[in-house]
Amino acid sequence: GAGVSQSPSNKVTEKGKDVELRCDPISGHTALYWYRQRLGQGLEFLIYFQGNSAPDKSGLPSDRFSAERTGESVSTLTIQRTQQEDSAVYLCASSLEGRRGETQYFGPGTRLLVL
Amino acid sequence: SQQGEEDPQALSIQEGENATMNCSYKTSINNLQWYRQNSGRGLVHLILIRSNEREKHSGRLRVTLDTSKKSSSLLITASRAADTASYFCATDSTYSGAGSYQLTFGKGTKLSVIP
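Residues numbered from 1 in each chain as written. Chains lettered and ligands numbered in written order. Predicted model: local features only at pLDDT ≥ 70, side-chain atom pairs only at ≥ 80, totals over all residues. Heavy atoms only, no water.

Novice: What am I meant to see in the sheet that holds strand β8 (residues 71-76) of chain B here?
Specialist: Whether parallel or antiparallel, the strands of a sheet pair through hydrogen bonds between backbone atoms. Residues and elements named next belong to chain B. Here we have five strands laid out as an open sheet, ordered β1-β3-β8-β7-β6, and antiparallel in their pairing. Edge positions in the sheet fall to β1 (5-7) and β6 (55-58), since each has one partner strand and no second. The average angle at which neighbouring strand axes cross in this sheet is 15°, direction not considered. Strand direction decides the pairing type here: strand β7 (residues 61-66) and β8, joined by six bridges, are antiparallel. By the bridge assignment for β8, T64 is matched with S73. (Pairing = 2+ DSSP bridges. Helix = DSSP H or I, 4+ residues; strand = E, 2+ residues; numbered from the N terminus. Axes fitted to C-alpha atoms, helices over the stretch in contact; angles between N-to-C directions.)

Novice: Could you clarify how one ought to interpret the state of the cysteines in this entry?
Specialist: Disulfide: a covalent bond formed between the sulfur atoms of two cysteine residues. Residue and element names in this part refer to chain A. Under the criterion given, the structure shown has two disulfides over all chains. Across a sulfur-sulfur distance of 1.9 Å, C23 and C92 are joined as a disulfide pair. As the torsion about the S-S bond is roughly -60°, the C23-C92 disulfide counts as left-handed. Taken together, the positions of C23 in strand β3 (residues 19-24) and C92 in strand β8 (residues 88-95) put the pair 69 residues apart, joining distant regions of the chain. Judged on exposure class, the residue C23 and its partner C92 are both buried. (Disulfide = S-S within 2.5 Å. Buried < 20%, exposed > 50% of the residue type's maximum accessible area, 1.4 Å probe, protein only.)

Novice: Sorry if this is basic, but what is going on with unusual backbone geometry here?
Specialist: As a rule of thumb, non-glycine residues mostly have phi less than zero, and peptide bonds are mostly trans rather than cis. Between S7(A) and the following residue, P8(A), the backbone shows a cis peptide bond with an omega angle of -10°. Counting through the fold element by element, P8(A) comes out in the loop between β1 (5-7) and β2 (10-13). Residues other than glycine seldom take positive phi values, yet A78(B) does so here, at roughly 45°. Mapped onto the fold, A78(B) is located in the loop between β8 and β9 (85-91).

Novice: What is the right way to look at the side chain of T64(B) in this model?
Specialist: All names here are of chain B. Its location among the elements puts T64 in strand β7. A relative accessible area of 18% places T64 in the buried class. Among the polar contacts made by the side chain of T64, one reaches the side chain of S73 at a distance of 2.5 Å. Setting aside chain neighbours within four positions, we find T64 in contact with I49, R54, E55, S71, S72 and S73. (Polar contact = N/O pair within 3.5 Å; in protein donor to acceptor, adjacent residues only side chain to side chain. Contact = heavy atoms within 4.5 Å.)

Novice: For this particular structure, what's the right way to read the layout of surface pockets?
Specialist: A probe as big as a water molecule, rolled over the atoms, marks out the empty space that is left. Its volume calculated, the largest pocket comes out at about 580 Å³. As for the largest pocket, its lining consists of 26 residues, of which Q37(A), L39(A), G40(A), Q41(A) and S86(B) are closest to the centre. It is strand β11 (residues 109-114) of chain B that provides the largest number of residues to the lining of the largest pocket, a total of four residues. Grouping the constituent residues of the lining of the largest pocket by class yields nine nonpolar, 13 polar and four charged. (1 Å grid on protein atoms, 1.4 Å probe; cavity = no way out; pocket = protein on both sides within 12 Å on 5 of 7 lines; lining within 4 Å. Points joined across faces, edges and corners; volume = space filled by probe spheres on them. Nonpolar A, V, L, I, M, F, W, Y, C, P; charged D, E, K, R; others polar.)

Novice: Can you help me understand the interface of chain A and chain B in this one?
Specialist: Frequently, the measure chosen for interface size is the accessible area that the parts lose on association. Across the boundary between the two partners, chain A contributes 28 residues, which contact 26 residues of chain B. For the pair chain A and chain B, the two sides together bury roughly 2000 Å², of which 46% comes from carbon and sulfur. Taken as a group, L43(A), R100(A) and F106(A) account for 27% of the area that chain A buries against chain B, more than any other trio of residues on that side. The interface formed by chain A and chain B includes zero salt bridges. Applying the counting rule to chain A against chain B returns three residue pairs in polar contact (both at pLDDT 80 or more). Elements that contribute at least two residues to the side of chain A that touches chain B include exactly β4 (31-37), β5 (43-50), β8 and β10 (110-114) of chain A. Here the side of chain A that touches chain B is composed, by residue class, of nine nonpolar, 14 polar and five charged. (Buried area = accessible area lost by both parts, 1.4 Å probe. Salt bridge = Lys/Arg side-chain N within 4 Å of Asp/Glu carboxyl O.)

Novice: So what exactly am I meant to see when it comes to the sheet that holds strand β6 (residues 65-69) of chain A here?
Specialist: Residues and elements named next belong to chain A. Ordered by their spatial adjacency, four strands build an open sheet running β1-β3-β7-β6, and the pairing between neighbours is antiparallel. A single partner strand is all that each edge strand has here, and the edge strands are β1 and β6. Strand after strand, the sheet turns through a mean of 15° between neighbouring axes, direction not considered. In this structure, β6 lies alongside strand β7 (residues 75-79), joined through five bridges in antiparallel fashion. The residue of β7 that forms the bridge with F65 is I79.

Below you can see the structure in the form of structure tokens.
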């Protein structure tokens, strides 16, 4: 079956603009994660969705960042009033149930550049 | 904050040689995973080792875990040019309630295998 898909692949925006990134998880996966990866760095956890439970937003860096997920399907990550420091690759992953030790399957990422 | 720290940061070897990458972490873990990333895009899960395991094999991959030293190593034997990628360790040291499970990644080792 299809893997995790993300769109757009690349996004260039001007400082101060809002951007919306999309993630389509693997069908049937109840858990969905967003990560940010700055150039040459590891992944930073942003937010986690599990079924209909309240999302774990503990990794969101500021209130300019928000994310939504409808049921167990598509998720969107929104960054308002973008700053140059938001430039990074934003990676989405999904897993079957979000349990400890589960493999997370990653999408190809969205490369965001804020000018 | 980064939990895992890989070393070396970069490694260049000839095809056919073995490549060893190390990862150290700070807090107690339940399991440790290794991921591979090509060209700064999506990550691919390679192998998971649980805290009560000391060694695990998968094809040309061998992973060891020393919980007393809070370290792990990934060995790739008989390397190939196609193994060129960045390799990350990830731990599940953070576990919040309601089933939330996030991975904490290191900064990665960039491996170059020269044909």
